[in-house]
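One letter stands for each residue in the lines below.
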Amino acid sequence: MKTKGVVKGIVSNLVTIEVDGPVAQNEICFVSVRGRALMAEVIKVIGKNAYVQVFDSTRGMKVGDEATFEQHMLEVQLGPGMLSKNFDGLQNDLDKMEGVFLKRGDYTDPLDREKKWHFVPLAKEGDTVVAGSWLGEVDENFQPHRIMTPFALEGSYKVKSIVTEGDYVVDHVVAVLTDAQGKDIEVSMVQRWPVKKPILVHVDKPRPYKLLETGVRIIDTMNPIVEGGTGFIPGPFGTGKTVLQHAISKQAEADIVIIAACGERANEIVEIFKEFPELVDPHTGRKLMERTIIIANTSNMPVAAREASVYTAMTIAEYYRAMGLKVLLMADSTSRWAQALREMSNRLEELPGPDAFPMDLSAIIANFYARAGYVQLKNGKTGSVTFIGTVSPAGGNLKEPVTENTKKVARCFYALEQARADRKRYPAVNPIDSYSKYLEYPEFEEYITELVGENWIPMVNEAKTRMHRGKEIAEQINILGDDGVPVEYHEIFWKSELIDFVILQQDAFDDIDCVTPLERQEVMLKKVIDICNMKFRFEEFNEVSEFFKRIINILKQMNYSEFRSEQFEKYEAQLVSLLQERLMEEAVATPEMK
Ligand SMILES: Nc1ncnc2c1ncn2[C@@H]1O[C@H](COP(=O)(O)OP(=O)(O)O)[C@@H](O)[C@H]1O
Ligand SMILES: [Mg+2]
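Residue numbers here run from 1 along each chain, matching the order of that chain's written sequence. Following the order in which they are written, the chains are lettered starting with A and the ligands numbered starting with 1. Per-residue local features of the predicted model are confined to residues with pLDDT of at least 70, and side-chain atom pairs are confined, for both listing and counting, to 80 or more; whole-chain, interface and lining totals are unaffected and use all residues.

1. Re the UniProt feature "binding site: ATP" (unreviewed entry) in the protein chain
UniProt positions are given in the numbering used here, feature names are shortened, and annotations may be inferred rather than shown by experiment. If you check UniProt for "binding site: ATP" (unreviewed entry), the listed places come out as Gly 235, Pro 236, Phe 237, Gly 238, Thr 239, Gly 240, Lys 241 and Thr 242 in our numbering. Helix numbers and strand numbers start at the N terminus; a helix is a DSSP run of H or I with at least 4 residues, a strand a run of E with at least 2. Among the structural elements, Thr 239 can be located in the loop between β19 (230-234) and α2 (241-251). Assessed through the 25 C-beta atoms surrounding it within 10 Å, Thr 239 is described here as buried. Discounting chain neighbours no more than four positions away, the residues touching Thr 239 are Leu 416, Glu 417, Gln 418, Ala 421 and Ala 428. With respect to the helices, strands and loops of the structure, Thr 242 is situated in helix α2. Among the residues examined, Thr 242 registers 21 C-beta atoms within 10 Å and is labelled buried. Three classes are used. A residue is buried when 20 or more other C-beta atoms lie within 10 Å of its own, exposed when 12 or fewer do, and partly exposed in between, with C-beta atoms placed from the backbone. Residues are defined as contacting one another if the C-beta atoms placed from their backbone atoms lie within 7 Å.

Here it is as structure tokens:
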């Protein structure tokens, strides 16, 4: 018997319901308002009172309205047909709606019940299976979508029967499993899972170490992210968080990309809906949208649904990871998510933590990031969820709670800086403060050395050191004036500018420069570092800037040219002769790295 209740109080979308039976934390209920059933989630229970957050406007709701509790938490449906969909935070299919936005109390089916999928069995009668075992496979937009033993099943089961290869709808029973007591369980291609609970069907979660190539130089070269890694992009409004995240989601070598657009302005989301279907996947030449899922909750949608959206996105990501796929999950912006938490916490009149965020904000953020990761599955295969969130700290203050708590858990830090954005040095990632902890992992070093070469990590470290040194010298020149420091200082400064302009800066809106494959990143970094280690003849500081501006210009032209094309090689030849002009004799023969 389902528990029923009656509305006792309404504060915006926080509703107090007096219940006639048991209710559980995070249980879903529907409140009936003028014939519409509005979905809500239990966020606190005190005695007979359940406090629920309604995922919709509570306009028209009144004391005495009735509620029914559903005996399950907020769930998603997992099955083939999610790729290329646009969902809202409650997994409503937005394309089934009229217009982009949901009407109150409208809930749509996330999956297509009629579409037939070509099922190929992977298990056979008599096999022993456990939660997450691959029973079969369908092709979902060129991805092997594994149909798995439902995650909620405990213990092991025998496959009693499994259908033969053929075309079936998602609700068709594809396998019957028998438990230890001889009870049969029918398995279709769909299963449900509560979004706030991690899907745990792996045997191990080792430290991630394999580079996830993004084609963005400041990431791959300077601060690499790995398959199953975590990162975050803090930055004030307009510094390029969304542009950078989109560049990563378009280019990263992931099997599946999930974008959680959380609480940003509606027009930005409409832009994604327009832009993404047009994009071509640089790796396969097919439409990028085929392997993408967008989960959208704009700033004008109800706050509670915004909180749900990041969990919905993470749960779908974990589902595809359990199939042995590489999933990239992006959330923009996690600050809006935290604001949703804050609003609810305040309405509940909880004791507030710093900046009125909930006291347990740090645990909430840590638990969320902990769901990402690189996993070993029970069948020996691996899968990953890489998570990158943006943070929009008010006024760019990196000491605010969301940024600070995220910094504790995310392993990569891509700090977007107002000053760099103002100078149009895009992506405006601060080269000094940003970091990737993965660079310090011996297993990563081994991996990247194998992939790129012995001298890669030393070159990256040299580039970082030179950026530091360049910044120090720029400060000295600022204080003492151009004449106040030796000419060599200018040379060191301009060598850091060379790294900045050629490696760090990258035009996200240029067809060629926007994505740099790793091989090309290696060639360019080597060129730049070689030049940094050359000794040039300069009489006075003006010559230094003039000379380096010319070098930078040529190298930038190379960045804009097709790799190893005639044009690319023409610039390369120009570069060589330009360098010869000022090279000191003894350095000509061996432009060695340090
Ligand atoms: N990599 C880039 N290359 C060129 N322009 C950029 C780049 N990143 C950001 N911009 C410029 O900055 C603007 C704001 O970026 P956006 O990502 O929307 O900021 P945020 O999400 O941080 O508010 C963009 O519209 C674009 O003009
Ligand atoms: Mg943005």
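2. Observations concerning the sheet that holds strand β11 (residues 134-140)
Overall, antiparallel pairing links the four strands, which are arranged β12-β11-β9-β14 in an open sheet. Each of the sheet's edge strands pairs with one partner strand only, and the pair in question is β12 (143-148) and β14 (166-169). Neighbour-to-neighbour, the strand axes of this sheet turn through a mean angle of 45 degrees, independent of strand direction. The pairing criterion is simple: DSSP has to find at least two bridges between the two strands. With four bridges joining them, strand β9 (residues 116-121) and β14 adopt antiparallel strand pairing. Opposite Lys 116, over in β14, you have Val 169 as the bridge partner. The axes used here are C-alpha line fits, helices contributing only the stretch in contact, and every angle between their N-to-C directions lies in the interval 0 to 180 degrees.

3. Considerations on the site of ligand 1
We call a residue near a molecule or strand when its C-beta atom, built from the backbone, sits within 6 Å of it. Around ligand 1 there are 13 residues in total, and Gly 240, Lys 241, Thr 242, Tyr 426 and Ala 508 lie nearest to it. Amino acids outside the nonpolar list (Ala, Val, Leu, Ile, Met, Phe, Trp, Tyr, Cys, Pro) and the charged list (Asp, Glu, Lys, Arg) are all regarded as polar, and Gly is one of them. Per-class residue counts for the shell around ligand 1 are six nonpolar, five polar and two charged. As used throughout, domain bounds are those supplied by an automatic or database domain assignment. Here the shell around ligand 1 spans two domains, since at least three of its residues come from each of domain 3 (202-416) and domain 4 (455-589).

4. Topic: the UniProt feature "domain: ATPase F1/V1/A1 complex alpha/beta subunit N-terminal" (unreviewed entry) in the protein chain
Following the UniProt record, one finds the feature "domain: ATPase F1/V1/A1 complex alpha/beta subunit N-terminal" (unreviewed entry) at residues 10-69. Between the C-alpha atoms that bound residues 10-69 there is a distance of 18 Å. The span itself is 0% helix and 60% strand.

5. Brief notes about the packing of helix α10 (residues 456-480) against helix α11 (residues 487-504)
Contact geometry of α10 with α11 gives a least axis separation of 8 Å together with a crossing angle of 125 degrees. In terms of their interaxial angle, α10 and α11 are classed as oblique. The handedness of the crossing between α10 and α11 comes out as left-handed. Between α10 and α11, the residues in contact are Ala 463, Arg 466, Met 467, Arg 469, Gly 470, Ile 473, Ala 474, Gln 476 and Ile 477 and Tyr 489, Ile 492, Phe 493, Lys 495, Ser 496, Glu 497, Ile 499 and Ile 503, respectively. Taken together, the residues of the contact of α10 with α11 sort by class into 10 nonpolar, three polar and four charged. Any angle from 65 to 115 degrees is called roughly perpendicular, while one under 35 is roughly parallel, one over 145 is roughly antiparallel, and all others are oblique. Note: crossing handedness is left-handed where the near helix turns anticlockwise from the far helix by less than a right angle, and right-handed where it turns clockwise.

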